Amino acid sequence: MQITYLGHAGFIVETADAAVIMDPWLSETGAFDSSWFQLPRNHHLGPLVYEKLRDQRRALYVYVSHEHQDHFDITFLKSLPVRRFTLLVPEFGRSALMEHFEGYECKEIVFFKHRQEVSIPGGSLKFYVDDSRANRDSAVLVKADNTTFLNMNDCKLFDMLHQVVREEGSIKVFACQFSGATWHPTCYEYPIASYEAMSSKKSLAKFESVAKAIELLSPDVYIPSAGPVCFLDPLIFHLNTEPINIFPRAPKFINYLKVRLRHPPMLMPEMMPGDVLDASSCEITAQGSERITEETALKYISEYAASYAEYFRERGAQQEKVNEEQTMAALHRELERKLSALTLAERVKVPLYFQVGSSGRWLLRVDFARRTVEPAVLNNEINYYEISAPAWQIAKVLAGELTWEEFSLTFRTRLKRNPDVYDPVLHAFLIMEAHDLGRYCDLLLQIESQEERILVEAQGQTFSVRRYCPHQGGDLACGWVDQGRFLTCPRHRWQFDLFRGGLCTTNASDVGAVCLSSDERAERADVVDSSILQTIVDTQRPVTGKSVS
């Protein structure tokens, strides 16, 4: 099995009889309205993909993991001149990704479900789908040539990995995202010290999740992938130069793994676009022409940005033509539509202020309790959530050129909140489409209604907790205890303080932690102490909790 790295989360996996193109993001205009660009450049690899897809001898496949534009490059996919391939796309509850391929001409389109296998000559592809309404993603396991390659990209598969190990054994080659990609704290108004502290905490938590996955899977090769990107737009170029943020590059993570991992050394290459890994021998052929190091990265990005200066000047001229007043009126209607679909609006206890443009003239106030959207002159409230964005950026959302989630990933917004507490319902209101909000609220209620509990021991005390994370249903039986008291969800690393009733450390959610008496503890044989919980993460053995009255 030969694995060619296309950059970011893209790969070409080849055997003697088959070739699978994975998440090819190669367009020269980047992603998310040209806010993200590939690092290093990989646009020159388009002809290589074209060449592979012309191969008459092998079965050909193109896999798209999810709808984020740094994985789903519809411009490039439409440019493919020869389409003798089978397109592999996850079947999510939200149909938007599937709708993009209506009328798309290729050999066949397979919309796969969770744990579905697709046979390929000499092997198979097994898919894992994570569809929590707020997040949608998939991962793929390639089995061929007596070896295995698990490409997890951005997929939060961490609490499902025990099934992978139990069913498939150890993994030969593993690729997984290690860098952040959210607007918190990236776009929030924080003092520098707070911003850097939050960024460091988020990065280390992400590093630890991937390290635990590596310990569990025991791969011979781990390929850091799916990030970070670079930002060439002058509006957000500063993100490239911040000394501490949520976008660490691969060398920092590789150095972390060298210190952190306890099992025998594995190969941890920083592959460049075009490099080829022989999965059987674990040998890498450095074929990539675009190469950067930590020492050359900023110079490389600055020159990269200079080559796009005229592109962004032309965009700026078009952006100035957008009418802020008309944009605010259209946004008013859209927010009313979203608010009417948010069935759990009463849970949001603070108003949302939405500012259009930089003048401060155009401001909307969303009152979730009263279910109203009204023009405002000034935000003088103590408790609030505030978001501001350029009118031209909002106009693209309202015109259907960007989804609300894509809008959040442009990083061209500025946000404030007081109190500084994450509210999942308010977050969903901001990043989801109106027609998805009802299903999201239903799913949240479904998660909250689950009664199954597990037992966890910390500092010699035993706690009964709800098994599933209230955020997006992550299995806490596959989590771990941090600092002797914080039960940590493996999916998004939410932490729950066992000694404060299981209260989340970042918001008002909880897992209903109940400290059991010694008599209650003696009645239960499936008690999990903090050291054994670590073993559960290492072996990913499922834990069945008993109900606690």
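The structure we're discussing is the one just above.
Residues numbered from 1 in each chain as written. Predicted model: local features only at pLDDT ≥ 70, side-chain atom pairs only at ≥ 80, totals over all residues. Heavy atoms only, no water.

Take the layout of surface pockets next. Roughly 760 Å³ of volume is contained in the second largest pocket. As for the second largest pocket, its lining consists of 37 residues, and the residues nearest its centre are Gln 69, Glu 401, Leu 402, Thr 403 and Glu 406. Broken down by class, the residue content of the lining of the second largest pocket amounts to eleven nonpolar, twelve polar and 14 charged. (1 Å grid on protein atoms, 1.4 Å probe; cavity = no way out; pocket = protein on both sides within 12 Å on 5 of 7 lines; lining within 4 Å. Points joined across faces, edges and corners; volume = space filled by probe spheres on them. Nonpolar A, V, L, I, M, F, W, Y, C, P; charged D, E, K, R; others polar.)

Turning our attention to empty space enclosed by the protein. All chains considered together, the criterion is met by six cavities of 30 Å³ or more. Roughly 190 Å³ of volume is contained in the largest cavity. Considering the residues around the largest cavity, the lining is formed by 15 residues, among which Tyr 5, Leu 39, Pro 40, Gly 227 and Glu 270 are closest to the centre.

Attention shifts here to the pairing of strand E10 (residues 147-153). E10 sits mainly inside the fold: seven of its seven residues count as buried. The side-chain alternation of E10 yields two buried faces, one formed by Thr 147, Phe 149, Asn 151 and Asn 153 and the other by Thr 148, Leu 150 and Met 152. The sheet contact formed by strand E9 (residues 136-144) and E10 spans five bridges and is antiparallel. Looking at the pairing, Leu 141 lines up with Leu 150 of E10. Joining the antiparallel neighbours E9 and E10 is a turn of two residues, in which Asp 145 adopts a positive phi near 55°. As judged from the four bridges shared by E10 and strand E11 (residues 173-177), these two strands associate in the parallel manner. Note that in E11 the partner of Phe 149 across the bridge is Val 173. (Buried < 20%, exposed > 50% of the residue type's maximum accessible area, 1.4 Å probe, protein only. Helix = DSSP H or I, 4+ residues; strand = E, 2+ residues; numbered from the N terminus. Pairing = 2+ DSSP bridges.)

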